[in-house]
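# Summary of structural features
Spelled out, the chains give:
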Amino acid sequence: MASGKEREELKKKTEEFNQDWTESFAFICNTDGLPTCLICHEKLAHNKKSNLERHFTTKHTQFAGKYPTCDARKNAVEELQKKKKTVKFHAK
């Protein structure tokens, strides 16, 4: 059984945004520390891989089919990130 300190460390680790999720599920971590979808801009409440994966596979099946996990998806996600930065820049 895990001690209190071990549980805290595990909880902190699971609450941190994993950068691999950006390429895998098209999510970024916003300034509040919440995962935000680059495709539909929806914010999720928790940094949990299962939540991000479920959102991506249920709401963005066409994107997943068009850009399978490889360089094509990586490039598509990078383009979405560039668009988000451009929109943010022009909104100021």
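As a reminder, the structure under discussion sits directly above these lines.
Read on for a plain summary of the structure. (Residues numbered from 1 in each chain as written. Predicted model: local features only at pLDDT ≥ 70, side-chain atom pairs only at ≥ 80, totals over all residues. Heavy atoms only, no water.)

## Describing the nonpolar core
- In this structure, Phe-25, Phe-27, Leu-52 and Phe-63 are the most contacted members of the largest nonpolar core, which totals 15 residues.
- For this core, the elements supplying multiple residues, two or more each, are α2 (20–25), β1 (27–29), α3 (49–59) and α5 (71–91).
- Excluding residues that lie within four positions of it along the chain, Phe-25 makes contacts with Lys-49, Leu-52, Glu-53 and Phe-56. (Core = buried A, V, L, I, M, F, W, Y, C linked by side-chain atoms within 4.5 Å. Buried < 20%, exposed > 50% of the residue type's maximum accessible area, 1.4 Å probe, protein only. Helix = DSSP H or I, 4+ residues; strand = E, 2+ residues; numbered from the N terminus. Contact = heavy atoms within 4.5 Å.)

## Some thoughts on the side chain of Asn-30
- Structurally, the position occupied by Asn-30 is in the loop between β1 and β2 (35–37).
- Of the residues examined, Asn-30 reaches a relative accessible area of 18% and is grouped as buried.
- A distance of 3.4 Å separates a polar atom in the side chain of Asn-30 from a polar atom in the side chain of Thr-36. (Polar contact = N/O pair within 3.5 Å; in protein donor to acceptor, adjacent residues only side chain to side chain.)

## Regarding α3
- Residues Asn-51, Leu-52, His-55 and Phe-56 constitute the buried set of α3. With its buried residues spanning 125° around the axis, α3 presents them on a single face. (Arc of directions from axis to C-beta.)

## Considerations on the state of the cysteines
- Counted under the stated rule, the structure contains zero disulfides.
- Lacking any disulfide linkage, Cys-40 is separated from the closest cysteine sulfur, that of Cys-37, by 3.7 Å. (Disulfide = S-S within 2.5 Å.)

## With respect to the packing of aromatic side chains
- Enumeration according to the criterion identifies four aromatic pairs in this entry.
- Seen from their ring centres, Phe-17 and Trp-21 are 5.5 Å apart, and the 85° between their planes marks the pair as edge-to-face.
- Centroid distance Phe-63 to Tyr-67: 4.9 Å. Interplanar angle 55°. Geometry classified as tilted.
- Using a relative accessible area of 14% as the deciding quantity, one classes Phe-63 as buried. (Phe/Tyr/Trp six-rings, centres within 6.5 Å; stacked < 30°, edge-to-face > 60°.)

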